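Here are the chains, one letter per residue:
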Amino acid sequence: MNKTLLSILCIIILLASALTVSSSSAKIINDGMAPQGDNSLEITSDGAGTPITYTVEDVEPGQYTASFYYKILQNGKKFTFSVRADSVNYATLSDLTSTSWKIYSVTFDIGGSASENVELRFNPDQGMTFYIDALQFVKAEEFTKFNDFNHEVGCCPYDYCWTGGLLDGHESCVHDDYYERNTSMPPLGWNLADFGGVASDPTSFLDVKSGFRCVKGAWKFSRAKMSPIYDGAGFCPDESQCFIGGSEDAEIACVDNSTYHEYSYKDASGKQQNEWFYCYDGNWTTRTKEIALQMFKMVEGKDKPYTIACDRFDRTLNPDQSFSYYRDYYGDNIITILTSGFVNEFCVMTFDGQVVSGFSLNNLALNQTLGEEGGCIKGLFACLTEGNCDEDGCLISIPPDFTTPKRSFIEMIKGPDQGDYCNSAIQVTDGNYHKCKTDDVYYNAKLNTVIFTKPIPTPQSVPFAGSVSESLIEKVFDTLVEAITNLLGIGGAIPQFGLIQKDQLDFIEKAGTFDKLYLSYSPDGPVPGKGRTIKAIRETRAQRKVSGAGVDVKTFIEVEYANYPVEICKFFYRHNYHDVRGQISAVDKIQCTPTIMSGSEWVHTIYVEEPIFEDIPSTLWDVRIWKGVSDNFWNDITQKIRIQEPKILGGSPPTVPAFVTEPITTPVVGTNVEFIIPGPSPDSDEWIARTWKFGDGDVASAGSSEFVALWNSTTFHRFLDVNQNPGYPVVLCIMNKEFRISCGAPRQLRIGIPPQVDITAIQTGDRAIQATVRITEGNSKYNMNFNWDDESEPEKHENTGQLIFIKTHTYDESEYGTAIAIRKVLSATGTDRDGVQFSNNYTVLVNKIYTP
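Keep in mind that this is a model prediction, so the values were computed, not measured.

Caption draft 1: Geometry of helix α3 (residues 287–299). Spanning 13 residues, α3 covers 19 Å between terminal C-alpha atoms, matching the ideal 18 Å at 1.5 Å per step. The element α3 is extensively covered by neighbouring structure, given that twelve of its 13 residues are classed as buried. Here α3 has its buried residues at Arg-287, Thr-288, Lys-289, Glu-290, Ile-291, Ala-292, Leu-293, Gln-294, Met-295, Phe-296, Met-298 and Val-299.

Caption draft 2: Quick peek at the confidence of the model for the protein chain. The predicted model of the protein chain averages 75 in pLDDT, with 71% of residues at 70 or higher. Of all the helices and strands in the protein chain, helix α8 (residues 480–484) carries the lowest mean pLDDT, 28, while strand β48 (residues 782–787) carries the highest, 94. Predicted confidence is poor over residues 148–152, with pLDDT under 50, and the contacts of this stretch with residues over four places away or in other chains come to 14 contacts. Scored below 50 in pLDDT, residues 318–334 makes 39 contacts in the model with residues more than four places away or belonging to other chains.

Caption draft 3: Focus on the nonpolar core. Judged by nonpolar contacts, the single largest core of 29 residues is most densely connected at Phe-68, Phe-79, Phe-81, Phe-108, Leu-120, Ile-132 and Phe-137. Of all the secondary structure elements, the ones that give two or more residues to this core are β4 (39–44), β5 (52–59), β6 (62–72), β7 (79–85), β8 (88–96), β9 (102–110), β10 (116–124) and β11 (129–138). Looking at this core, the element that brings in the most residues is β6, giving five residues. Membership of the second largest hydrophobic core comes to 22 residues, among which are Ala-292, Val-299, Cys-347 and Val-356.

Caption draft 4: Highlighting the pairing of strand β39 (residues 672–676). Going residue by residue along β39, you find Val-673 and Phe-675 tucked away on one face and Asn-672, Glu-674 and Ile-676 left uncovered on the opposite face. Here strand β38 (residues 660–662) pairs with β39 via three bridges, running antiparallel. Across the sheet, the residue bridging to Thr-661 is Phe-675, located in β39. Sheet topology note: the β39/strand β42 (residues 715–718) ladder contains four bridges and is antiparallel. Within β42, the position partnered with Phe-675 by the bridge is Thr-715.

Caption draft 5: Representation of unusual backbone geometry within the structure. Here the bond from Glu-662 into Pro-663 is cis, since omega is 5°, no more than 30 degrees from zero. By secondary structure assignment, the location of Pro-663 is in the loop between β38 and β39. In the segment running from Ser-780 into Lys-781, the intervening peptide bond is cis, with an omega of 25°. Within the secondary structure layout, Lys-781 lies in the loop between β47 (768–776) and β48. Residues other than glycine seldom take positive phi values, yet Glu-777 does so here, at roughly 60°. Along the chain, Glu-777 turns up in the loop between β47 and β48. At Asp-789, a residue that is not glycine, the phi angle is positive and equals roughly 65°. Along the chain, Asp-789 falls in the loop between β48 and β49 (795–800). Among the residues examined, Asp-789 registers a relative accessible area of 31% and is labelled partly exposed.

Caption draft 6: Seen up close, a nonpolar patch on the surface. Together, Leu-803, Ile-804 and Ile-806 make up an exposed nonpolar region whose accessible area comes to about 280 Å². Note on placement: Leu-803 falls in the loop between β49 and β50 (804–810).

Caption draft 7: Region of interest: the state of the cysteines. Under the defined criterion, the tally for this structure stands at six disulfides. Here Cys-236 engages in a disulfide with Cys-254; their sulfurs sit 2.2 Å apart. Across the disulfide from Cys-236 to Cys-254, rotation about the S-S bond amounts to roughly -95°, and the bridge is consequently left-handed. In this pair, Cys-236 is assigned in the loop between β18 (233–234) and β19 (242–243) and Cys-254 in strand β20 (residues 254–255), connecting sequence segments 18 residues apart.

Caption draft 8: Region of the structure containing the environment of Ser-40. Checked against the element boundaries, Ser-40 lands in strand β4. Overall, Ser-40 belongs to the buried group, its relative accessible area being 0%. With 93 residues separating them along the chain, Ser-40 and Asp-133 place their C-alpha atoms 5.1 Å apart.

Caption draft 9: Up close: the sheet that holds β50. Spatially, three strands are ordered β46-β47-β50 in an open sheet, and the strand pairing comes out antiparallel. The sheet is open, and its two edges are formed by β46 (756–765) and β50, each paired on a single side. Taken over all neighbouring pairs, the strand axes of this sheet differ in orientation by 20° on average, direction set aside. Of the pairings in the sheet, the one linking β46 to β47 comprises nine bridges and is antiparallel in character. Bridge pairing in β47 links Val-757 to Ile-775.

Caption draft 10: Broad picture of the sheet that holds strand β52 (residues 837–847). Read from one edge to the other, the open sheet built from four strands follows the order β49-β48-β51-β52, with strand pairing classed as antiparallel. In this open sheet, the two strands that pair with only one neighbour each are β49 and β52. For this sheet, the mean angle separating the axes of adjacent strands, direction not counted, is 15°. As judged from the five bridges shared by β48 and strand β51 (residues 821–831), these two strands associate in the antiparallel manner. Pairing of Met-784 across the sheet is with Gly-830, part of β51.

Conventions adopted
Residues numbered from 1 in each chain as written. Predicted model: local features only at pLDDT ≥ 70, side-chain atom pairs only at ≥ 80, totals over all residues. Heavy atoms only, no water. Helix = DSSP H or I, 4+ residues; strand = E, 2+ residues; numbered from the N terminus. Expected span 1.5 Å × (residues − 1). Buried < 20%, exposed > 50% of the residue type's maximum accessible area, 1.4 Å probe, protein only. pLDDT = per-residue confidence, 0-100. Contact = heavy atoms within 4.5 Å. Core = buried A, V, L, I, M, F, W, Y, C linked by side-chain atoms within 4.5 Å. Pairing = 2+ DSSP bridges. Patch = residues over 30% accessible without salt bridge, like charges linked within 9 Å, V, L, I, M, F, W, Y side chains within 5 Å. Areas by Shrake-Rupley, 256 points an atom, 1.4 Å probe, with all protein chains shown as cover. Salt bridge = Lys/Arg side-chain N within 4 Å of Asp/Glu carboxyl O. Disulfide = S-S within 2.5 Å. Axes fitted to C-alpha atoms, helices over the stretch in contact; angles between N-to-C directions.

Next comes the structure, spelled out in structure tokens:
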């Protein structure tokens, strides 16, 4: 069977004839430092900066990615890359300026219904030279590894894919089982060793690039997927599937789209936990998130107070007061139904006099009955009395005539003999919410979720817009792709290293296992038009270990208080800190930080990491007591906080001091920049918060402390991209005890290119070579060592402003033996004035006998 290597278009840089060149020039050169292979394309523009184009013919509609490595010879020059077809500009990468090899990629859609010719256009400044390598145009959703294919077509049997010799051990064809039976096998061209990882370490997959894997006899685009709490990773045969793990066999390790699945893991206390997750289009979420999102949509844009809470049923529902059909624990025994394992956390919303609730079911429809004789009867509140329950929370003493009645969940909501209340909605499986007999209950048969209102004294309407409400499960993933690479690397949102302010919608979308959620809003804030909010989550997920490979499964609480004119951190540390430190977390895993968001808005963030079970104080080793402590702390920082009348802000705004930076010279990419307030201001004793806004999207904040004054502390930050003109606008903001905020004028901070060193060499005589070393960028002066790769001492240059060095050297005849030539690796290493390191190598073949 004749098969193409990949269903992509690969532009191999050696095809110089495919370039369209006017008075600018392009030529293939030998380049030992090129990222891919030993050649690159050298492009020199003319005085007019005439564009250079590459034309790809007969491109079908679809999603494509163009990528390439590039390097500019002259500092201060730039070029623009664009993708065009006729008069349509599909994508543009502007102001490419790197003087060291850097990869760029851009993904775009080519519409229409017919094939067309596409131009890849390089538009340079006048009179500049730059280099291109690994130019690639791929029908894929993102950048994939470049492969310089020697053969694109071969003959393979059914269920095999042609490799073109690119896969070790499979010179021509590979069976699809090689990938389908090995979920840790990366796409073609990549190896786990490329990223320093192993299959058992999920953090290895964070850097594994997307690419093509052989699935059912064809190369299919694939990206790495994570398990529900990010403690495992692998690849699935289909992009719409989700990774669950437990086997290297994809049939076991992956589950299909639009299904829910039970996942087992050990939480921070070391206890085995089971959570239900929902697979949507290749990503894990929970249906509880979708319910919370539905509730938020009900109140979105309505400037009235509301509260949304998601938690265990016994913490969100009040059986005696809220629901007429919740009997006592021995009557209809609703508790047994709710603790059966078929129902997940409840979400309850209070808004405008209404109480709206929702939950999801596992492997049981809304109208199916559940009941059994005997067995474990959960005691819950009765277990608070010693001797009533066993270690699993089951009642020890059960009345002899006790039986568990058969009840469906709809009967739990509407009462006995109402099992057919939602029959019409149960028949519709389009993924949307449909009204039952009346609009007090809505059911989504595909998600198996129900949203309903408080049934007494009279039923209320669920505030949907109509009899059908669209599912929001898709909305959960609007921002998830951006967040997924960060999830293993953070410990909550630790604000000392930067706080990403989330709106409430994002807050719901990004929560992990979603153990608990609390949202509260009041439109009456201290500043007109700025409401007050509380946003809190408790979740469990894996996080990258601080040192070494692997992950730790952690449970943490994160709370954000927006626009509350109270020194929350002072209150927290004085009233909760010692209890929390002794009962919930270690001292270094408790943080509270105020962050200034604008001239009139601020946020206090609390982060508490719960310990592993071995670190819990022995007085709390009883699981029930431990959970009680954790739950009480959650209550203290969420439900127990009452929204009071807003404080009227008074007093004068603080003064914002000037600041200095180190190093004084232009800092460079990737190095620490120190921000310093050189001395106190007249009102610095009144400061309670300080926020640096670095202009690159990152912020760093700190609150007042009894140990260190805010003016007498330094902040470090690393800029990751060059910005020399005009530079990054750095802003310092201060908030005082009157909650008045002042932000200083932006100060432009230029971030330069790190020092670069290039080496070239030519042979000038028998065993003799001449090397030219050029240093660019960084901050002069430089320290440099040059090594000839033999027994001679390295040549040292210290504190020199020299930028070009021409050196000659003759190798000893004894190094040749019987060889007619030897290969030498010349190297230059050093630092600039600020200690920023540079290094480079150049391989040269030195002939024993020189022939000009």
